[in-house]
Amino acid sequence: MTARYWRQQNRLAKTSLGVFLLCGAVALVAYLVASSLKGQPGPLGQVMGVTQILAFASGVVALCLQVMQLVSSWRRSRAPLPAPTSAQTSTAKDVLAGLVAQQWRDETALRSLCDPAPMPLAWRSTERRELADRSEIIAEGTVAFSGLDVHIEDMVRNFRALRCRRLVILGGPGTGKTTLAVQLVLELLRTREPDEPVPVLLSAARWDDRAHPRLQDWLAASLAMDYPAMRAAELGTDIPETLVARGEILPVIDGLDELPDHARADLLSALNRSMCGNDQLILTCRTEQFAESVDELGDVLTAAAVIEPQPMGPGVAADYLQACLPPVPHPAWPAVIEALRMGAAPVLAEVTSTSLGLWLVRATYIAPRVNPSPLLQYVHGSAAELQDHLCDQLIPALVSTRPPADGPVQPFRPRHAWTPEQVGRWLTYVCRQLAVNEDDTRDMAWWHLAGRMPNRTMRLWCGVGIGVVTGLVLFLLTDGMVLVGVVAGLLAALVVIVMTGSWFTEAPGHAELQWRGRLAELARVLMAGLVVGLVGAILGWLVGWSLGNHMAEAAWRAARNIGLLTGIGFLIVFSLIRWVEHPTVTATARSPRSTWRADRTLTVIRMVSGLVVGLMAGFIAREAQLPTTVAIVGGLLLGLLFGLVVGRHHAWLAYNLTVPRLAAKGSLPMRAMDFLDDAHRLGLLRTEGPYYQFRHIELQQHLTRELQEKRTAKPSEPAPHL
């Protein structure tokens, strides 16, 4: 078993223990209330009978839940897991290849990487011999990255010719390292043979080598999170781990330079320790940071070819920009193109010598069809100043050139209208949140919004609010019975305050409603409900006997009511929810939005299940001579509350408790998910599995610098609360 598995089991055991203690508290309080009312005439006596039932039902559910959790954990620890078959492995590879290809084809279209043609970058083997292994280990004969203007097909052919198929892509900021990695992934997928591994692009910033010392462990965990179709039952057990262990995954790790100094060398060391002779790898990093890491480690990446881009000449850049111009361009464009081609605009030539600079010029001046004359005003400036100017213009340009779609949803146009000021302010907040997490400054997930906000006060107020509403409703329904309202309100507040503590750090889940291949598991769940119901019936008979009603009819009624309430309550709220509930998302949910929807659907299922049990409890209470309105409404409130708090995935609920606070501060809109989706469609963010990332790290750094400058300019003002 992996460490990740045992961490999940520990969290599950803690959650189960929390439910056990909470149900025990409910049982104890209800029993004390019933005991204090014992022998009272009229409605008080009726309340006593109902609370006795609730006390024993809660106790039975809590006890059985904890016992069955322990038994289930023991059985899982002893039972061997069946290994996936060759057919399942082959199917899983095909499924994964399709998901990866679709993901990065969409990203390629958003980034205009191949429109009208791929950017004219040439790559060659590095001349810094201290950065690469010996040539005879890398390839037979001469390493074939000559630096000529070759197509991506030739790059892939050269990659496959390497002995171990390991490649390091170096370069300065904005030189197209990620662009080349994406193109390699798509071409490798397009030409993949059945026996070849599936390339998967991952961010290096997500690898914590302390949690995952081996590359294989991290790859398996990332596959399970980013491509949850790999967890489908028909593919077999632990298919991500199997694919990684069998060498069926080609990791394409992007952005080694985004890690702290010491972490880069540690990651390189972990790669060398983890890889065997046939393990393949593609890695991107800035040249300076890679050289520092190699020097600190005292070793290179074993058997890996190392390539760097050749600077793009002004003439090549001018030809590319001219090819991107519309048939009737702005009248100032011929002068700009000529100045670039003839060397009269050295700052512009320096910026457009990289793929990022070319894209920024295209996005900010060609796409919106505005006057490009400002590009020539930086004759005496620096390339950094011109790039800052282009980053300043980027958000307004993208917002103006990609208006919301009027008709059907289009993948590359936003769904809502946002002003450039709003987009800039909200993306700046995203930058601020990413800066908080020093271990990962690239990945932003929608459930992180809740995890990075203080929640203790909010949980307290939510508990007080729900407790007051619950107590007031039952107080009114019981014709002014203060004790009932107070006890119910305190219990509701206690449940909310205690059980919501973990909501803000939980990852999203989904409801797995597929029956195929899970009938045995479902049968065990049904059997568990029957066993709990039988135990509850026996205890119910004892309750009826202990109350002094030695008549068989009274004892049978108590046994039936408690047995039904505990058996069906346990079956629906606990057992079936645990059978349905799974981590991450459904097989088709591979994007941030789909994870959000999947967790929302799971929450609705839990709420409906709780209402069903609550309704049943209400009918049982009605049969116990409690007024109909009190019984039904009280049962529904109790069922809804337990339906909300049970389970292990409450990310959607935590998100909805957090976003209104962010909207009140102006940090994000109330429709935060809509905005993040539209920022992706605008080309400002990209998605990697369920995470959002800035499409260009330079824009993230630009917004972060602006935020720091504003803070420095106003030292008297308190820093925004994170």
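Being a predicted model, the structure only gives us computed values, none of them experimental.

1. Focus: the overall build of the protein
Helix and strand content of the protein: 26 helices and 10 strands. Contacts in the protein between residues at least 24 apart in sequence constitute 79% of all its contacts with a sequence separation of at least 6. Of the roughly 32,100 Å² of accessible surface on the protein, 61% is carried by carbon and sulfur atoms.

2. Re the side chain of D257
Looking at where D257 falls in the secondary structure, it is placed in the loop between strand 4 (249–254) and helix 9 (261–274). Classification of D257 by relative accessible area gives buried; the value is 16%. A polar contact is formed between the side chain of D257 and the backbone nitrogen of R286, at a distance of 3.2 Å.

3. Some words on the environment of L356
The topology assignment puts L356 in helix 14 (residues 355–366). Assessed through its relative accessible area of 6%, L356 is described here as buried. Sequence-distant contacts of L356, that is, excluding residues within four places in its chain, are made with G174, Q387, H696 and E698.

4. Things to note about the pairing of strand 6 (residues 305–310)
For strand 6, the buried fraction is high: 5 of the 6 residues fall into the buried class. Direction of pairing for strand 2 (residues 166–171) relative to strand 6: parallel, over a ladder of 3 bridges. Bridge pairing links I169 to I307 in strand 6.

5. Some details on the sheet that holds strand 6
Backbone hydrogen bonds hold the strands of a sheet together, and the pairing may be parallel or antiparallel. The strand order across the open sheet formed by 6 strands is 1-6-2-5-4-3, and the pairing between neighbours is mixed. Both outer strands of the open sheet, strand 1 (122–125) and strand 3 (198–203), are each paired with one neighbouring strand and no more. Shown here is a sheet whose adjacent strand axes are inclined to one another by a mean of 25°, direction ignored. Pairing analysis gives 6 bridges linking strand 3 to strand 4, with the strands arranged parallel. Opposite P199, over in strand 4, you have L250 as the bridge partner. Sitting on the sheet, helix 7 (residues 215–226) touches strand 3 and strand 4, and the angle it makes with strand 3 is about 90°.

6. Looking at the pairing of strand 10 (residues 691–694)
Burial along strand 10 is two-sided: the face carrying Y691 and Q693 and the face carrying Y692 and F694 are both buried. Sheet topology note: the strand 9 (residues 685–688)/strand 10 ladder contains 4 bridges and is antiparallel. Bridged to R686 within strand 10 is Q693. The turn linking strand 9 back onto strand 10 is made up of 2 residues, and G689 within it adopts a positive phi angle of 65°.

7. Focus on the packing of aromatic side chains
Any pair of aromatic rings gets described here by the distance separating the centres and the angle formed by the planes. One pass over the full model with this rule turns up 9 aromatic pairs. Here the aromatic rings of W207 and W218 are separated by 5.0 Å at their centres, their planes lie at 5°, and the arrangement is stacked. In this pair, W207 is assigned in the loop between strand 3 and helix 7 and W218 in helix 7, connecting sequence segments 11 residues apart. Its relative accessible area of 5% is what places W207 among the buried residues. The exposure class of W218 is buried, given its relative accessible area of 3%. Ring plane angle 85° and centroid distance 6.0 Å describe the contact between W596 and Y655, whose orientation is recorded as edge-to-face. Taken as a pair, W596 in helix 22 (residues 592–623) and Y655 in helix 24 (residues 651–665) lie far apart in primary sequence, 59 residues in all.

8. As for unusual backbone geometry
The backbone phi angle of A303 is positive, close to 60°, even though this residue is not glycine. By the element assignment, A303 lies in the loop between helix 10 (287–297) and strand 6. Located in the positive-phi region is R369, a residue other than glycine, with phi close to 55°. As for its placement among the helices and strands, R369 is situated in the loop between helix 14 and helix 15 (383–401). Of the residues examined, R369 reaches a relative accessible area of 59% and is grouped as exposed.

9. Description of a nonpolar patch on the surface
A cluster of nonpolar residues, L460, W461, V464 and V468, forms a patch on the protein surface that exposes about 410 Å² of accessible area. By the element assignment, V468 lies in helix 18 (residues 456–477). Note on V468: relative accessible area 51%, which makes it exposed.

10. Digging into helix 14
When the terminal C-alpha atoms of helix 14 are compared, their 15 Å separation across 12 residues agrees well with the 16 Å that a helix rising 1.5 Å per residue should span. The buried fraction of helix 14 amounts to 12 of the 12 residues, a majority that puts the element mostly inside the structure. Along helix 14, the residues that are buried comprise S355, L356, G357, L358, W359, L360, V361, R362, A363, T364, Y365 and I366.

11. Digging into the packing of helix 5 (residues 152–160) against helix 6 (residues 177–190)
Contact geometry of helix 5 with helix 6 gives a least axis separation of 10 Å together with a crossing angle of 75°. Classified by the angle their axes make, helix 5 and helix 6 are roughly perpendicular. The residues of helix 6 that touch helix 5, namely those facing I152, E153, M155, V156, F159 and R160, are L180, Q183, L184, E187, L188 and R190. Here the residues of the contact of helix 5 with helix 6 sort into 7 nonpolar, 1 polar and 4 charged.

12. Overview of the pattern of salt bridges
What the rule picks out here adds up to 19 salt bridges. As a salt-bridge pair, R264 and E292 come within 3.3 Å of each other at their nearest N and O atoms. Separated by 28 residues along the polypeptide, R264 in helix 9 and E292 in helix 10 bring together distant segments of the chain. The salt bridge partner of D319 is R341, with a shortest N-O separation of 2.6 Å.

What counts, and where the lines are drawn
Residues numbered from 1 in each chain as written. Predicted model: local features only at pLDDT ≥ 70, side-chain atom pairs only at ≥ 80, totals over all residues. Heavy atoms only, no water. Helix = DSSP H or I, 4+ residues; strand = E, 2+ residues; numbered from the N terminus. Contact = heavy atoms within 4.5 Å. Areas by Shrake-Rupley, 256 points an atom, 1.4 Å probe, with all protein chains shown as cover. Buried < 20%, exposed > 50% of the residue type's maximum accessible area, 1.4 Å probe, protein only. Polar contact = N/O pair within 3.5 Å; in protein donor to acceptor, adjacent residues only side chain to side chain. Pairing = 2+ DSSP bridges. Axes fitted to C-alpha atoms, helices over the stretch in contact; angles between N-to-C directions. Phe/Tyr/Trp six-rings, centres within 6.5 Å; stacked < 30°, edge-to-face > 60°. Patch = residues over 30% accessible without salt bridge, like charges linked within 9 Å, V, L, I, M, F, W, Y side chains within 5 Å. Salt bridge = Lys/Arg side-chain N within 4 Å of Asp/Glu carboxyl O. Expected span 1.5 Å × (residues − 1). Parallel < 35°, antiparallel > 145°, perpendicular 65-115°, else oblique. Nonpolar A, V, L, I, M, F, W, Y, C, P; charged D, E, K, R; others polar.

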